[in-house]
Each structure stands twice: as structure tokens, then as C-alpha cells.
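# Remarks on the overall topology
Below are the chains, spelled out letter by letter.
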Amino acid sequence: MSQQDLCTASPRHRRAAVVGLGARAQLFTEALAGAYSDRIELVGFCDVNAHRMAVHNDWLASAHPGRAPVPAYAAEDFDEMLRRERVDLVVVCTVDRAHDDYIVRALEAGCDVVTEKPMTIDADRARRILQAQRRTGGDVRVAFNYRYNPVHAAVRELIASGEIGEIGSVHFEWLLDLRHGADYFRRWHREKANSGGLMVHKSTHHFDLVNWWLGSRPETVYAQGGLFFYGDEAGRRRGLARDYDRAHGSAAAKNDPFAVHLADSAVLSSLYLDAEHEDGYHRDQNVFGPGVTIEDDMAVLVRYASGATLTYHLTAYAPWEGYRIAFNGSEGRIELLVEESTWTRPDVRSDGASAVMHGTAVGDEAGRTELLVRRFWEPPREVKVPTGEGGHGGGDVRMLADLFGERSSAPDPLGRAADGVDGARSLVTGLAANRSFETGMPVGVRELLDV
């Protein structure tokens, strides 16, 4: 069968497969099986773990009674799945280090791709993806849901309208609380070879936002960062370390506020604890144990092609979760404060419906969002932005509609759709920061990746 034969479905009824059936995949599987099933048929699952694929099929059967199970394929049968199921759209939700392999193989099979962020974890992999996209003419979309958050769109509109004139500098501080931040140190993300570190896995979201807001690209990066709070050495030094490798079955982890207990959550149990017999993956590792190779406190200085500068700081052990952003312009200043949680409860035991340990909270933990415009010689003006249903202030719902719904013939004035070049440009700041951590020197981004 030729490559062209693999993508025979009409544009109005495509055939999609999801590779990587961890927690994040649920956003896409439910959308494809639910709201967008009249346009896209979900025809394949592919993963290294058969149990996790079965869990997703169980969830879909519960949500959509009478629905036939999605055919499940082992990771080594990915190419066979594309052929047999006549797939023309692949959604990639695997461990970050594997993204490029599946993206390139899908493109070469004649399929389009939607990939979770980050698009990949290093410059060589990014070049491989961009070369495959040019060679095949396939479409790569990166799932940057933050672009679709209404408050982020409002910032984009304010800057583009010239509300504060030309942008000279941006200050951006992102805080991950002791629930969400710690979770990166329990999972596969704790090894930089898997994730590229938080500068790539997490901050790619933030660097993409700045690229998008400014309509520019980074040119020079200088950064410092290290492992300050998590890891075995810091844990011992501060008396936070407990003697266990993973929390499940460990008496030492029972009252550890940094432990996650998979058995408390039906979702975490089914997706991870009950799947361990197939691949040995532990979702509940000790955040103060050995083997952590990523940073948890990072400071970055960036100069953009437009002449603007960015000062950025990511802290992964904060008492509250959220971010502060300020844009300094030739006619004033824009300030955005988002408090996703105002404090962190010491008990992180989860019995919720989500497998994601996110910092967004309800009740007395919940915070606020404030967007202020401070023009020269004028009192500050608050811009009220309604949020939507779903995650990331309604950003997830809007992104899914753009990825899978009816495409408008008119271009999006905000340019929210992110392609492979956008994915690479979001990566390059974090990749240069990682290089600067190692060398102590500024890094020209084109030394790493010319995008």
C-alpha cells in the first residue's frame, strides 16, 4: 500500500489514532470519541502498556455505552496500525523523548500529527521533525492550550492593539506549588533524558506564550539553574527525606506530605498501579530519592529579535501556584496575576477523577485572576475576562475545537494555531537555557536550532 493510500478518508470524516495512553491522552480520547466523533473516527490506540489502553477503552465504554472498543496495538506495531486502520491523523501523547519518533513515522506514512507539548526534547530531534514535515508536506500541530486561554488571548489583543506601545521588556514568574511541582519529581519527568527538564517540558508553554505575545523569536539566552529543593542531597540536608523508593506499600511514606498514594485514587490505580506488571513504571517515586537529574529553580534572561528582553523564573517548590507577568511598553505597562491556588494543603492524597496532580484548587485554596492596564498618566484599568468551562480557563475546550472541529475559512486574527516551527521556537529558549546552565555562558539560539 502506498503512502497516499494510507490517508484516504475525506477531510470531513478522518480516521485518528492516539499513541501514548497515559493521563494526558484522556483529553484527546474523550474529545475524539465524544464531541468530534461526527467528524473524526477514533480507530487506534498504541502504547507500550496494554493495560493502560484497556483502561482508556473502559472509560470510553462507560461514557459512551454501546461503543465498540478502540483497536489496541503494541508500540512495536505502530506502523502496522497506521496501515491496517487507514489512519490519517495521529495524536502523540507519549513520554517526551519518544515524540519525534512517532511524529516522523506518522508523517512519512502520509498522516497529519497533533502532538502534546513539548514537541520534542532536543535540537536534533526538532530538526528531524521539521525536515520530515518539509519532505512529506504533512501537517504538525502542537497542543499549546495556553494560547486558547481567554485571559492570554486578551493579553495578545492588548499588545497587538498598541495599548502600551512598543514592548521593551517582559517579566515572567511561574510558581509550581508543593503538589504540582513535586509531581514532576515523582514521575519519568525527573530524568532529563526523558523530558529535557522543566525548561523544556514545562517552560515550553511559557516561552511559546512570549513568542506569540511579542510576535517575535528568541535570539540570545543566558540562564542559571539547579536542583535546590528536591533530590536526595537536599532532602537529607533539610531533614525532609524519608526512607523509601516509592510510596506504595511503604510505611515510611504513609505520612509524608510529598508522597502520592496511588491506591487512594481509582483513576491512578487503574492507569498506573494496576499497569505496573507490564512495564515496571512507578508513578509514585520519592521526590527526595536518588536519580533526579532535572532542575527545580531556574532563572533565564532572553533577548528577542524585536529588541525586547525577557526575565523569566520558574520555581517548582512554591507555597502557592500561579504566575505573574508584566509587560513594559513605550506607553505603559500590562500586568497579569493568576493565582491558581493560594496555598497548598499538606495532604496530597488524591481520590479525584483526574490522574493529573494540578495546582488549580477550589474552596479556600482558590485564587483569582487580575489583568491590569497601566497607561502613562492614567489610573490603572482592570480588564475583566470571562473564563470558560474546562481546564486552563476554557483553553482546553477551545483548543480541541480548533484541532478537531470545523475550520473557519477566515484566518484566526490571534494566530493561535501552533505548527512545527512554533513548536521548535518554543523549545529553543529552554534548550539554550539548558546549555547555559552547563557552560555558564550566553547562548545564541541559532547555534542550536535555526528557526
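Residues numbered from 1 in each chain as written. Predicted model: local features only at pLDDT ≥ 70, side-chain atom pairs only at ≥ 80, totals over all residues. Heavy atoms only, no water.

It is worth spelling out the confidence of the model for the protein chain at this point. Confidence in the prediction of the protein chain, expressed as mean pLDDT, is 93, and 93% of residues score 70 or more. Confidence drops under a pLDDT of 50 for residues 1-11, and excluding neighbours within four residues, the segment shows 21 contacts in the predicted structure. (pLDDT = per-residue confidence, 0-100. Contact = heavy atoms within 4.5 Å.)

Let us now look at the pairing of strand β5 (residues 112-115). Successive side chains on a regular strand alternate, one facing one side of the sheet and the next facing the other. Bridge analysis of strand β4 (residues 89-92) against β5 gives four bridges, and the strand direction is parallel. From the neighbouring strand, L89 faces β5, where its bridge partner is D112. You can see the chain leave β4, run along helix α4 (residues 99-108) and come back into β5, and the turn it takes is right-handed. Summarising the sheet, β5 and strand β6 (residues 140-142) pair through three bridges and their orientation is parallel. Paired with T115 across the two strands is V142, which belongs to β6. (Pairing = 2+ DSSP bridges. Helix = DSSP H or I, 4+ residues; strand = E, 2+ residues; numbered from the N terminus. Right-handed = clockwise from strand over helix to strand, strands pointing away.)

Close approach of charged atoms allows side chains with opposite charge to pair. With the rule as written, the count across this model stands at 41 salt bridges. With a closest N to O distance of 4.0 Å, D47 and R52 form a salt bridge. The burial state of D47 is the same as that of R52; both residues are buried. Put simply, E108 and R135 hold a salt bridge, and the shortest N to O gap is 2.6 Å. (Salt bridge = Lys/Arg side-chain N within 4 Å of Asp/Glu carboxyl O. Buried < 20%, exposed > 50% of the residue type's maximum accessible area, 1.4 Å probe, protein only.)

A few words now on the nonpolar core. Core analysis: the biggest nonpolar cluster contains 95 residues, and W213, Y230 and F327 have the highest contact counts within it. Per-element accounting of this core gives the leading share, seven residues, to helix α15 (residues 420-439). Ignoring sequence-local partners within four residues, the contact set of F327 consists of V155, I159, I164, I167, S169, V170, W213, G332, R333 and I334. Ranked by size, the runner-up nonpolar core spans 25 residues in total, among them V18, F28, V114 and A143. (Core = buried A, V, L, I, M, F, W, Y, C linked by side-chain atoms within 4.5 Å.)

On the basis of which strands lie adjacent, the open sheet formed by six strands has the order β3-β2-β1-β4-β5-β6 and parallel pairing. The sheet terminates laterally at β3 (72-74) and β6, the two strands that pair on one side only. Taking each pair of neighbouring strands and ignoring which way they run, the sheet shows an average axis angle of 20°. Contacts between helix α1 (residues 25-33) and the sheet are confined to β1 (14-19), β2 (40-47), β4 and β5, with β2 contributing the most and set at about 150° to the helix. (Axes fitted to C-alpha atoms, helices over the stretch in contact; angles between N-to-C directions.)

A separate point is the packing of α4 against helix α5 (residues 123-136). Between α4 and α5, whose axes approach to 9 Å, the crossing angle comes to 10°. Between α4 and α5, the angle falls in the class roughly parallel. For the pair formed by α4 and α5, the contact residues are D100, D101, I103, V104, L107 and E108 on the first element and R125, R128, I129, A132, Q133, R135 and T136 on the second. For the contact of α4 with α5, the per-class residue count stands at five nonpolar, two polar and six charged. (Parallel < 35°, antiparallel > 145°, perpendicular 65-115°, else oblique. Nonpolar A, V, L, I, M, F, W, Y, C, P; charged D, E, K, R; others polar.)

Moving on to α5. Its 14 residues give α5 an end-to-end C-alpha distance of 20 Å, which sits within 8% of 20 Å, the value for a rise of 1.5 Å per residue. All buried positions along α5 are accounted for by A123, A126, I129, L130, A132 and Q133. Contact partners of the buried residues in α5: α4, β6, α15 and α16 (445-448). One side-chain oxygen of the residue at the start of α5 lies 3.4 Å from the amide nitrogen of D124, identifying that residue as D122. In the segment just after α5, G137 is the residue with positive phi, at about 75°. (Expected span 1.5 Å × (residues − 1). Polar contact = N/O pair within 3.5 Å; in protein donor to acceptor, adjacent residues only side chain to side chain.)

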